[in-house]
Amino acid sequence: MREVLTAGRYYREKYGCNVYKTPISILGFTCPNIDGTVAKGGCTFCENESFSPNLTEKSTKKFYLNPKSAENPFLQSQLVQLESQFNQTKKVLTKKFGAKKFIVYFQSFSNTYAPLETLKALYERALSFDDVVGLSIGTRTDCITDEILDYLEELSKDKEIWVEYGIQSIYDETLDSINRGHSVENMFEWIKKTKDRGLKVCGHLIYGLPNETQEMMLDSVSASIELKIDSLKFHCMYITKNTMMANEFKAGKIDTISQEFYIDTLVKSFKMLPKDIMIQRVCAGIGGDSLLSPKWCSDKHTQMKSIKDALKKEGFDY
Ligand code: SF4
């Protein structure tokens, strides 16, 4: 049986205990695909409220940052928000799992899409919290600069710094069809640059995007391996209400894949992966009534069981 390098195994080996990611959502952050810089409306599958924790404060609702923002009048409230979200999640994880170490995960929107001074203030505050061993920064490859990479490289000398890029697919026609707003060329260029700085890269892949064959999905895995990406997150394309994809789905223009097809693609992917790629996620589940399709994505636990069983049959201990 081959042990898959899960996040749990990776962190236990490195820190001697489990390390928990604490998701953070900072008001005032957006992405160039939403604010009209490269496109409007965002990726067709993106329903931003589905990220957690939810954005609840209304005071800064109309204020959005971008790298050219001359000032950030909400920095102090963003720092307070960061600390309170972290403390809240830490408390829950400590009570539930006896968690001792944490990675602060800047999850919602594009977390390098702001002036560098704002990024520095937020990242350094996060790294100053007790028991935090590092950061994981979710962003797009068109929202990163050499200057930001220089800074992250410096931080990574003492801390565990991960940059999480949405890859989704390595086909331009797919990226166009989901209104991604950047090219595969841009993605390859900045992933390589990030890796060249010695930073750890996690790539997100979605299986079942419109008009993609299984071969195309597996090509995205091959490219990720060639790019020497350190970690991958997989999930199936699912469609929720309040997204552009919902309209395409209702009009019969697109469809979702079956669980069998998804798991088959996942198992084939695992067979291609080198042993040292850390796998952080193999599915996504969305409860509640906002899920349109596929319905099998509503329950993460049954998905996980089927995935684990299928992997086990092929000799993988996940
Ligand atoms: S890049 Fe992320 S935040 Fe921006 S539109 Fe796409 S999914 Fe949404």
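Remember, predicted model here, so these are calculated numbers, not experimental data.

Novice: Looking at this structure, how should I read the sheet that holds strand S9 (residues 278–281)?
Specialist: Picture the strands of a sheet paired through backbone hydrogen bonds; they go either parallel or antiparallel. The strand order across the open sheet built from seven strands is S2-S3-S4-S5-S6-S7-S9, with neighbouring strands paired in parallel fashion. The open sheet is flanked by strand S2 (19–24) and S9, the only strands paired with a single partner. Strand-to-strand, the axes of this sheet are offset by a mean angle of 25 degrees, without reference to chain direction. Pairing geometry for strand S7 (residues 231–236) and S9, over three bridges, is parallel. Residue pairing for S9: Leu 232 is matched across the bridge by Ile 279. The sheet strands contacting helix H2 (residues 75–97) are S2 and strand S3 (101–106), and the helix crosses S2 at an angle near 140 degrees.

Novice: How should I be thinking about the packing of helix H3 (residues 116–128) against helix H4 (residues 146–155) in this particular structure?
Specialist: Helix-helix packing is characterised by the crossing angle of the two axes and by the distance between the axes. Direction vectors running N to C along H3 and H4 enclose 20 degrees, while the axes themselves pass 11 Å from each other. With respect to each other, H3 and H4 are oriented roughly parallel. For the element pair H3 and H4, the recorded crossing hand is right-handed. Contacts between H3 and H4 involve Leu 116, Leu 119, Lys 120 and Tyr 123 from the first element and Glu 147, Ile 148, Tyr 151 and Leu 155 from the second. Per-class residue counts for the contact of H3 with H4 are six nonpolar, no polar and two charged.

Novice: Even after reading the chapter, I still don't get helix H7 (residues 214–226), so can you show me in this structure?
Specialist: In an α-helix there are 3.6 residues to a turn, and that puts residues three or four apart on one side. With 13 residues, H7 extends 19 Å between its outermost C-alpha atoms, agreeing within 8% with the 18 Å of an ideal straight helix rising 1.5 Å per residue. Buried within H7 we find Met 217, Ser 220, Val 221, Ala 223 and Ser 224. Seen from one end, H7 has its buried residues packed into an arc of 165 degrees, which puts them on one side. Of the exposed residues in H7, those oriented more than 90 degrees away from the buried face are Glu 215, Ser 222 and Glu 226. In this structure, the buried side of H7 is in contact with strand S5 (160–168), strand S6 (200–207), S7 and helix H9 (259–272). Following H7 by one or two positions, Lys 228 has its phi on the positive side, about 60 degrees.

Conventions we followed
- Residues numbered from 1 in each chain as written.
- Predicted model: local features only at pLDDT ≥ 70, side-chain atom pairs only at ≥ 80, totals over all residues.
- Pairing = 2+ DSSP bridges.
- Helix = DSSP H or I, 4+ residues; strand = E, 2+ residues; numbered from the N terminus.
- Axes fitted to C-alpha atoms, helices over the stretch in contact; angles between N-to-C directions.
- Contact = placed C-beta atoms within 7 Å.
- Parallel < 35°, antiparallel > 145°, perpendicular 65-115°, else oblique.
- Left-handed = near helix turned anticlockwise from the far one by under 90°.
- Nonpolar A, V, L, I, M, F, W, Y, C, P; charged D, E, K, R; others polar.
- Expected span 1.5 Å × (residues − 1).
- Buried ≥ 20, exposed ≤ 12 C-beta atoms within 10 Å, placed from the backbone.
- Arc of directions from axis to C-beta.

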